[in-house]
Every structure is written in C-alpha cells, then in structure tokens.
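Overview (structure and organization)
What follows is the residue order along each chain.
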2 protein chains.
Amino acid sequence: MAEKDTRAQIVAAARKRFVHFGYGKTCMAEIAGDCGMSPGNLYRFFPGKLDIAEAIATADYENHLDHLRRQAARPGRRAGEKLHDFLFEGLRRTYNRQERDPRALELARVIAAERPAFSSWMMESERAIMVGVMEEAERSGEFDIADKDFTAELIQSATVKFRDPQLWSRLSLSRLERELDGVWKLLVEGLAPKPARARNQETA
Amino acid sequence: MAEKDTRAQIVAAARKRFVHFGYGKTCMAEIAGDCGMSPGNLYRFFPGKLDIAEAIATADYENHLDHLRRQAARPGRRAGEKLHDFLFEGLRRTYNRQERDPRALELARVIAAERPAFSSWMMESERAIMVGVMEEAERSGEFDIADKDFTAELIQSATVKFRDPQLWSRLSLSRLERELDGVWKLLVEGLAPKPARARNQETA
DNA sequence: TTTCTGAATAATCAACCGATCATTTAGTCT
DNA sequence: AGACTAAATGATCGGTTGATTATTCAGAAA
C-alpha cells in the first residue's frame, strides 16, 4: 500500500515540476529530491521518466473521460446534442489547457511522439463513448447507423482540426467554435436538404 | 520578352535542383550556374530564393486548379459526385506527389511556413470551385445552402486530415480513401436518417 | 533479504566555431 | 545608360566538444 502512496508522491512532485518548468527542463534528480529519495530509487516505481509523464496524462485524461461519460449519460438530451457537447468539450479542454499552461503542449507532444499507443487509447476511449450515444440514438430512432465504430472514426477524422487546435492553426477560440458548430451541423444534417420533419432547431 | 524567358529558364533550373536535391540543399549559385549567369543576376528576376520556389509551386498548383475546374464543369454529374471527385483529386494528388518525390514535402513545408498568404490563396481558390458547384446544385435543387462560402470552409475544415495526409499520419492511401469516402457520405447525407427520397446510390 | 543510495555509464543537449550560402553592392563590360 | 559580375556582408548551418542528465548497478543500510 505504501507502494501506491510513493507512486502518487512521485507523480505529484513531477507534475509540479512539469507544469512549472516543463518536461525537458526537469530532471529525475530534482523529482527525486522533492520526494526525499535518490534518483535511482525512482526506477523502482517507474520504468522511466516518460512513464511518470504518462501517469500524469493518464490521470488527467481519465478525469476528462469521466466527465464526457457523465455528459453522454445525461437523460433528456438528444443524441445530436450530446455529440455537440462531446465535440465542444474536447475543443474547449485542449484549448483552455494549452492557453493556461503552454507547457502542457510540450508534454502532450512528447507523449504523442514516444507513446503512440497512448494516443490510440485516447481515440478509442472517445469512440466508445460516441458508439454508446449512437446506440441510444438508434433505440430512440434519432440515428440509424450501421457501422457505429467506423462512423465514430469518421467523426474523429472530420474533427481533427479541433482536437489539437493550436498545434497547427492560430485561430481564436470563438472562430474555432463557430467552425466546429458548422461542421457538427453538417455531420448531423448533411448538405442535402431534407423534407420538413420533426427536427428541433438545435443551437450551440 | 526575353525577361519572361529568363524567368522561365531560372524556374526550370531551380525545379530540377529542388526535386533532385531538395530546397535546402540547392544554393543560388548552383541555379545561377545552370543558367550560365552569376548568382547576383538572379535577383534581377526574383526577389529571393523563396520566390523561385513559390513560382514553381504556383505553376504546379494552377495546373491542378485547372484540372479541378474542368472536372467541376463536367456536365451530367451530380453536385454530390463532383464534391467527391474534388476531395479525392486533392487527396490523390498530394499523396502521389509526396510518394513519388519526398522532397516535394520539404518545399511545401517551407512555403507554407514562410508564405502563409500562399496557403490562403490555395484554400480560397478551392473554395471558389466548391461554391460554383453549390450554386449549380442550388439551381438543380440538389443542395440548398445559404452561406456557400462558409460551407465550403466547413468542408475544408472537415477534410484537413486528407489535405496533407502524410504530414501527420502514416495511413495507407487505401485506408485514407476509405475514410474520405465515409466522411464525404457523412457530409452529404448527415447522420440523421432521411425519409426515402429520390437520392441515387452514389458510389466512389 | 529487501530497500535504497550514489557513483558509473551512456545518451542527449547546448554552446561554440568555422564554413556555407542568401543577399547586397561596388564596379565592369557593352 | 543598362545588363551583368563577383567580391563583400551578414545570417544560418553543420559538426564538434564539454556538460548535463537518464538510467544502471554494485553495494550500503534496514
């Protein structure tokens, strides 16, 4: 049980350093020092520096996933709206995080580059939530999607631009929100016009 | 008139070097040497090295644009299909180009980084073509889109992943094609089911 | 024996320096 | 004068070296 505590202590010390100085600028000796132990001892708890970073990212992301799952489970909301919430939560989270602390970007970059499996896990976890929403929508008749997991992948492909916004564009949050709203509408309704039908006017 | 010829000669010499050795590995002196002139003389025809690269890229891209415009003007094809052609042409062009000559990627990267206006011009030119298709579709009743230019932007946003595919993913062409086909269907038809209606089964 | 330390090792990083190259310009040639 | 050259300039690049740091491990402390 002390094992778990020690790991938590290491992660906490590392998180503090990573946010304050960045991943590259904090060395194992400093983390160890903050925990009152020797550098070598860290390796009894983590295989390496990157694994400490991954532990931090995993914890943070699981937090986000919980939030998304709770949102997706909220009753009395249409699937289309849930998808909207889902996409916007993702955009706002990464945008604000990176706005508040530019070093978070460095961490994300390093993990994405060195641990492709981590990114896959994130994408997959999000797809699982979307599939759940689609299944519910199928029962209610709102959507009728044959291959739900593939469709979830397509939605991810179509919203790449909003996943790591400031990684590759310098658009403002409000501009990104306007665009994401438009893309969401397109995905739900399509370009082709539909005959009048019971479809509520969803607004952002 | 000799002025135009000299410019063309310089562009031709530079193109040869850029594809063979890459932008970074060819120097102005070499281009000048190939043209039988001194390095300094190049500056009477182009403001700088990057402008030669831009001239090459512009010529190539205008070629592509012509192709796209011809395709968009082809009669007897539905707007949805034209959009499909349009998106696939873009994907295949960049994919094949970069497959055939990895140095093309370097050139594209440099120009995109140093000449943001060039990228804007490309995006804008493509939107103009899409807007044309949408206008035609409006007349035929296939689509009915209020803000056509914004919608064209949205389509671009939703297909970012397929614009510079190997810039950020290592997916195979066939995988990318399958995804783009799915995204296209989603954009045209939407997630929400439609009552039966005269809509042909468009196939890639 | 188990837990931990701290020195040893090897990989990576950063500052430096000479070389290369884009760009300018003084001057040559026609 | 107008067209061009080639030397001059300053910025950038690539390679080297010393220092920092991740990781290992032989052994000390418990």
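All values derive from a computational prediction rather than experimental measurement. (Residues numbered from 1 in each chain as written. Chains lettered and ligands numbered in written order. Predicted model: local features only at pLDDT ≥ 70, side-chain atom pairs only at ≥ 80, totals over all residues. Heavy atoms only, no water.)

1. A short note on the overall build of chain A
Along the backbone of chain A there are ten helices and zero strands. Along the three orthogonal principal directions, the C-alpha set of chain A runs to about 70 × 40 × 25 Å. Burial statistics for chain A: of 204 residues in total, 46% are counted as buried. Across chain A, contacts joining residues at least 24 apart in sequence account for 67% of those joining residues at least 6 apart. Surface summary for chain A: the accessible area is close to 10,500 Å², and the carbon and sulfur share equals 52%. The average position of the 33 basic charges and that of the 32 acidic charges among the side chains of chain A differ by 3 Å. (Helix = DSSP H or I, 4+ residues; strand = E, 2+ residues; numbered from the N terminus. Buried < 20%, exposed > 50% of the residue type's maximum accessible area, 1.4 Å probe, protein only. Contact = heavy atoms within 4.5 Å. Areas by Shrake-Rupley, 256 points an atom, 1.4 Å probe, with all protein chains shown as cover. Lys, Arg positive; Asp, Glu negative; His and termini not counted. Charge placed at Lys NZ, Arg CZ, Asp CG, Glu CD.)

2. Side note on the protein's contact with DNA strand D
Neighbouring DNA strand D are 13 residues; Cys27, Met28, Tyr43 and Lys49 of chain A together with Arg44 of chain B lie closest to it. A share of 74% of the atoms of DNA strand D within 4 Å of the protein falls on sugar and phosphate groups. In this structure, threonine 26 of chain A approaches DNA strand D through a main-chain N or O atom, which is 3.3 Å from a phosphate oxygen. The backbone of serine 38 of chain B places a nitrogen or oxygen atom 2.9 Å from a phosphate oxygen of DNA strand D. (Near = heavy atom within 4 Å. Polar contact = N/O pair within 3.5 Å; in protein donor to acceptor, adjacent residues only side chain to side chain.)

3. Details of the domain arrangement of chain A
Residue and element names in this part refer to chain A. One can read the domain layout of chain A as domain 1 (1–47) and domain 2 (50–203). Across the boundary between the two partners, domain 1 contributes 14 residues, which contact twelve residues of domain 2. When the area that domain 1 buries against domain 2 is broken down by residue, the three leading residues are Arg15, Phe18 and Tyr23, summing to 46%. On the surface where domain 1 and domain 2 come into contact, there are one salt bridge. For aspartate 60, the salt bridge goes to arginine 15, with nearest N and O atoms at 2.6 Å. (Domains from an automatic or database assignment. Buried area = accessible area lost by both parts, 1.4 Å probe. Salt bridge = Lys/Arg side-chain N within 4 Å of Asp/Glu carboxyl O.)

4. Looking at the protein's contact with DNA strand C
Neighbouring residues of DNA strand C: 14 residues in total, closest Ser38 and Arg44 of chain A together with Met28, Tyr43 and Lys49 of chain B. In DNA strand C, atoms within 4 Å of the protein come 69% from sugar and phosphate. In the model, a phosphate oxygen of DNA strand C is placed 3.2 Å from a nitrogen or oxygen of the threonine 26 of chain B main chain. Between methionine 28 of chain B and DNA strand C, the recorded distance is 2.6 Å, taken from a backbone N or O atom to a phosphate oxygen.

5. Side note on the packing of aromatic side chains
All names here are of chain A. Taken as a whole and assessed by the stated rule, the structure comprises six aromatic pairs over all chains. Among the aromatic side chains, those forming a connected cluster through ring pairs are Tyr61, Phe118 and Trp121. Of note, lysine 49 hangs over the ring of tyrosine 23, and the distance from its end group to the ring centre comes to 4.4 Å. (Phe/Tyr/Trp six-rings, centres within 6.5 Å; stacked < 30°, edge-to-face > 60°. Lys NZ or Arg CZ within 6 Å of the ring centre and 35° of its normal.)

6. Digging into the relation of the copies chain A and chain B
Overlaying chain A on chain B yields an RMSD of 0.1 Å, the required transformation being a rotation through 180° with an accompanying axial translation of 0.1 Å. When the rotation and shift are considered jointly, the pair of chain copies conforms to a two-fold rotation axis. (Least-squares fit on C-alpha atoms with pLDDT ≥ 70 in both.)

7. Here's the deal with the packing of helix α7 (residues 116–140) of chain A against helix α8 (residues 148–158) of chain A
Residue and element names in this part refer to chain A. Orientation of α7 relative to α8, taken along the N-to-C sense of each, is 120°, at an axis distance of 9 Å. The orientation of α7 with respect to α8, classified from their angle, is oblique. Relative to α8, the crossing made by α7 is right-handed. Listed contacts from α8 to Met123, Glu126, Arg127, Met130, Val131, Met134, Glu135 and Glu138 of α7 are Lys148, Asp149, Thr151, Ala152, Glu153, Ile155 and Gln156. Within the contact of α7 with α8, the residues separate by chemical class into six nonpolar, two polar and seven charged. (Axes fitted to C-alpha atoms, helices over the stretch in contact; angles between N-to-C directions. Parallel < 35°, antiparallel > 145°, perpendicular 65-115°, else oblique. Left-handed = near helix turned anticlockwise from the far one by under 90°. Nonpolar A, V, L, I, M, F, W, Y, C, P; charged D, E, K, R; others polar.)

8. Comments concerning helix α7 (residues 116–140) of chain B
Count 3.6 residues to each turn of an α-helix, and residues three or four apart come out pointing the same way. Residues and elements named next belong to chain B. Taking 1.5 Å per residue, 25 residues should reach 36 Å; α7 reaches 37 Å between its end C-alpha atoms and fits that length. Phe118, Ser125, Glu126, Arg127, Ile129, Met130, Val131, Val133, Met134 and Ala137 are the residues of α7 that are buried. For α7, the secondary structure elements touched by its buried residues are α4 (49–73), α5 (79–100), α6 (103–114) and α8 (148–158). Phi for glycine 141, located one or two positions after α7, is positive at around 85°. (Expected span 1.5 Å × (residues − 1).)

9. A look at the interface of chain A and chain B
On the chain B side, the residues contacting the 34 residues of chain A number 34 residues. In total, about 2,800 Å² of surface goes out of reach between chain A and chain B, with carbon and sulfur atoms giving 71% of it. In this structure, glutamate 153 of chain B engages arginine 175 of chain A in a salt bridge whose closest nitrogen and oxygen atoms are separated by 2.3 Å. Where chain A meets chain B, there are six residue pairs in polar contact (both at pLDDT 80 or more). Counting residues per element, the ones that place at least two in the side of chain A that touches chain B are α8 and α10 (173–189) of chain A.

10. Side note on the environment of aspartate 101 of chain A
All names here are of chain A. Among the secondary structure elements, aspartate 101 is positioned in the loop between α5 (79–100) and α6 (103–114). For aspartate 101, a relative accessible area of 16% puts it in the buried group. Sequence separation between aspartate 101 and aspartate 164 is 63 residues, and the spatial gap between their C-alpha atoms is 14 Å.

11. Examining the side chain of lysine 82 of chain A
Residue and element names in this part refer to chain A. If you trace the backbone, lysine 82 turns up in helix α5. Judged by its relative accessible area of 4%, lysine 82 falls in the buried class. Sequence-distant contacts of lysine 82, that is, excluding residues within four places in its chain, are made with Gln71, Ala72, Ala73, Arg74, Arg77, Val133 and Glu136.

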